[in-house]
Amino acid sequence: MYRVGIAGCGSITKFRHAPEYRQNPQAEIAGFYDYKTERANEMAETFGGKVYPTYEEMLNDPSIDAVSICTANAFHCRMTVQALKAGKHVLCEKPMALTKEETREMVDEAGKQNRILMIGHNQRLVSAHQMARKLIGQGELGKILTFRTTFCHAGPESWSADKSKSTWFFQKGAAGLGSLADLGIHKVDLIRWLLQSEVKEVTSALFTEDKRYEDGSLIEIDDNSISVLKMENGAVGSVTTGWTNYGEEDNSTVIYGTKGVMKIFSDPRYAVTIQKKDGTVVNYQMDAIQTNTSQTSSGVIDLFLESIGQGAALELSGEEAAKVMDVIFAMEQSAKEKRTVSLSQGDEK
Ligand SMILES: NC(=O)c1ccc[n+]([C@@H]2O[C@H](COP(=O)([O-])OP(=O)(O)OC[C@H]3O[C@@H](n4cnc5c(N)ncnc54)[C@H](O)[C@@H]3O)[C@@H](O)[C@H]2O)c1
């Protein structure tokens, strides 16, 4: 049995971390911390456990084995390192941190303290994505030539506990990065993992099309992004993100290979479909992906608890997440400098 503390008591805690800890017999929720104490109170009333008045008091509780960090992005590194130093295992939400130095500091500290560090890259655990990876690995599509992957929804102000234009997600100081890091992190991680190939170079453009602060001015970070990725295995494809899709959430991926095409979450009836070059169509019916309006168990918490038991991150490790962040930082750099950026040993185009 592991006792866990949860820091940050907004939507991801309410819809994923707290309910998933509660339903896992290996976990007991010790308590909650949020600098808005009323949020921690609400979580403790709903899910049990106590309210810690400060983060330090949570970390000083010797009965706590592990913490979930579900705060605004800018605090992920500091709070993770603090928790690791206090001897706790850490499950931190994505994006892992705001700079390359921060991601390395987190990974190094986990190693130094011999504690588990995992990041909430839940898309790897979605059954359709696991099936897709297996089929691609078995060669069902032949050699992968191109892909396109997308994550677009109506924006974090419709999801965050602060349902307004003043959400931290729009503040550069608290969020650090925009839709590219918020949503693209999932898709960059997914595509590397599906194709089992690293990203070689990126060409990105960031846009702010529609999201505004209360005073009517456009937000300081991107609400849309479009990128071209070239993979080490030769495949090329696009990653698009958007906070301005006011229709149904789009979380789709299409992979084009020499033997056929795979569509994931493109057809409402089937999670995965394969159209072969000879005209054969194979449909796979599987669980839907979690969306902002339909939350099913992500499996991340179960995997974190299992990893603690095993003494190693079974998937979603801090090291893996740091590699994905490197791609995101290269995409940010590409957009800023309006050029292609290479990830191979520092050589740049
Ligand atoms: N894995 C996923 O698919 C997924 C989905 C949504 C959000 N997230 C991530 O989870 C994190 C939290 O997002 P959310 O949607 O729950 O946001 P939210 O706005 O709903 O809640 C954030 C909560 O954290 C609190 N908080 C912020 N900074 C704090 C600090 N320094 N100390 C204490 N409390 C603090 C706020 O008061 C708020 O209650 C973000 O990093 C976000 O990117 C991940």
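Quick caveat: nothing in here was measured; it's all calculated off a predicted structure. (Residues numbered from 1 in each chain as written. Predicted model: local features only at pLDDT ≥ 70, side-chain atom pairs only at ≥ 80, totals over all residues. Heavy atoms only, no water.)

A. Up close: the overall build of the protein. The number of helices and strands found in the protein is 10 helices and 15 strands. Scaling as 2.2 N^0.38, a compact globule of 349 residues should have a C-alpha radius of gyration of about 20 Å, and the protein matches this with 20 Å. Counting only C-alpha atoms and orienting by the principal axes, one finds that the protein spans roughly 60 × 45 × 40 Å. Every one of the 349 residues in the protein was classed for burial, and the buried ones make up 54%. Long-range contacts, defined as pairs at least 24 residues apart, comprise 68% of the intrachain contacts of the protein with a sequence gap of at least 6. Seen as two clouds, the 39 positive and the 47 negative side-chain charges of the protein have centres 5 Å apart. (Helix = DSSP H or I, 4+ residues; strand = E, 2+ residues; numbered from the N terminus. Rg over C-alpha atoms; globule rule 2.2 N^0.38 Å. Buried < 20%, exposed > 50% of the residue type's maximum accessible area, 1.4 Å probe, protein only. Contact = heavy atoms within 4.5 Å. Lys, Arg positive; Asp, Glu negative; His and termini not counted. Charge placed at Lys NZ, Arg CZ, Asp CG, Glu CD.)

B. Highlighting the nonpolar core. With 68 residues, the main nonpolar core has Tyr-55, Met-96, Leu-195, Leu-229, Ile-255 and Met-262 as its most contacted residues. When residues of this core are assigned to domains, at least three fall in each of domain 1 (2–122) and domain 2 (127–299 + 325–342). In terms of nonpolar packing, the next biggest core, distinct from the first, is built from 37 residues, Phe-47, Ala-66, Phe-151 and Leu-305 among them. (Core = buried A, V, L, I, M, F, W, Y, C linked by side-chain atoms within 4.5 Å. Domains from an automatic or database assignment.)

C. A look at the pattern of salt bridges. By the definition in use, this model includes 19 salt bridges. In this structure, the salt-bridge partner of Arg-3 is Glu-28, at a minimum N-O distance of 2.8 Å. Of the two residues, Arg-3 sits in strand β1 (residues 2–7) while Glu-28 sits in strand β2 (residues 27–33), which places them 25 residues apart along the sequence. Taking relative accessible area as the criterion, Arg-3 reaches 25% and is therefore assigned partly exposed. (Salt bridge = Lys/Arg side-chain N within 4 Å of Asp/Glu carboxyl O.)

D. The arrangement of the site of the ligand in detail. Not every one of the 29 residues close to the ligand is listed here, only the nearest: Asp-34, Arg-39, Trp-159, Ser-160 and Ala-161. Here a nitrogen atom of the ligand and a side-chain polar atom of Tyr-35 are 3.3 Å apart. The side chain of His-186 places a nitrogen or oxygen atom 3.2 Å from an oxygen atom of the ligand. Isolated, the ligand exposes 850 Å² of accessible area, and the fraction of that covered by the protein chains is 96%. Across the shell around the ligand, the residue classes break down as 12 nonpolar, 10 polar and seven charged. (Near = heavy atom within 4 Å. Polar contact = N/O pair within 3.5 Å; in protein donor to acceptor, adjacent residues only side chain to side chain. Areas by Shrake-Rupley, 256 points an atom, 1.4 Å probe, with all protein chains shown as cover. Nonpolar A, V, L, I, M, F, W, Y, C, P; charged D, E, K, R; others polar.)

E. Quick look at the environment of Met-231. Examined against the element boundaries, Met-231 turns out to sit in strand β9 (residues 224–231). Residue classification places Met-231 among the buried positions, given a relative accessible area of 1%. When the C-alpha positions of Met-231 and Trp-243 are compared, they lie 26 Å apart, and in sequence the two are 12 residues distant. Beyond its immediate stretch of four places on either side in the chain, Met-231 contacts Phe-147, Ile-191, Arg-192, Leu-195, Ser-197, Glu-198, Val-199 and Lys-200.

F. Up close: the sheet that holds β2. The six strands lie next to each other as β3-β2-β1-β4-β5-β6, forming an open sheet whose pairing is parallel. Since the sheet does not close on itself, it has two edges, and those belong to β3 (50–51) and β6 (117–119), each with one partner. Taken together, the six bridges between β1 and β2 define a ladder with parallel strand orientation. What sits directly across from Gly-5, in β2, is Gly-31. Lying on the sheet, helix α4 (residues 76–85) is in contact with β1, β2, β4 (66–69), β5 (89–92) and β6; it crosses β5 at an angle near 165°. (Pairing = 2+ DSSP bridges. Axes fitted to C-alpha atoms, helices over the stretch in contact; angles between N-to-C directions.)

G. Up close: the packing of α4 against helix α5 (residues 100–113). It is at 9 Å that the axes of α4 and α5 come closest, and there the two elements cross at 10°. Taken together, the axes of α4 and α5 are roughly parallel relative to one another. Here His-76, Cys-77, Thr-80, Val-81, Leu-84 and Lys-85 of α4 lie close against α5, whose contacting residues are Glu-102, Glu-105, Met-106, Glu-109, Ala-110 and Gln-113. When grouped by side-chain class, the residues that make up the contact of α4 with α5 number five nonpolar, three polar and four charged. (Parallel < 35°, antiparallel > 145°, perpendicular 65-115°, else oblique.)

H. Up close: the sheet that holds β9. Strand order across the open sheet formed by nine strands is β14-β13-β12-β11-β7-β10-β9-β8-β15, with mixed pairing between neighbours. In the strand order of this sheet, the two ends are held by β14 (281–284) and β15 (341–342), each with one partner. In this structure, strand β7 (residues 144–152) lies alongside strand β10 (residues 236–242), joined through seven bridges in parallel fashion. Note that in β10 the partner of Thr-149 across the bridge is Val-239. The sheet contacts of helix α6 (residues 127–137) involve β7, β11 (253–257), β12 (260–267), β13 (270–276) and β14, and relative to β12 the element is tilted by about 180°. Those strands touched by helix α10 (residues 318–337) are β8 (199–207), β9, β10 and β15, and its axis lies near 55° from that of β8.

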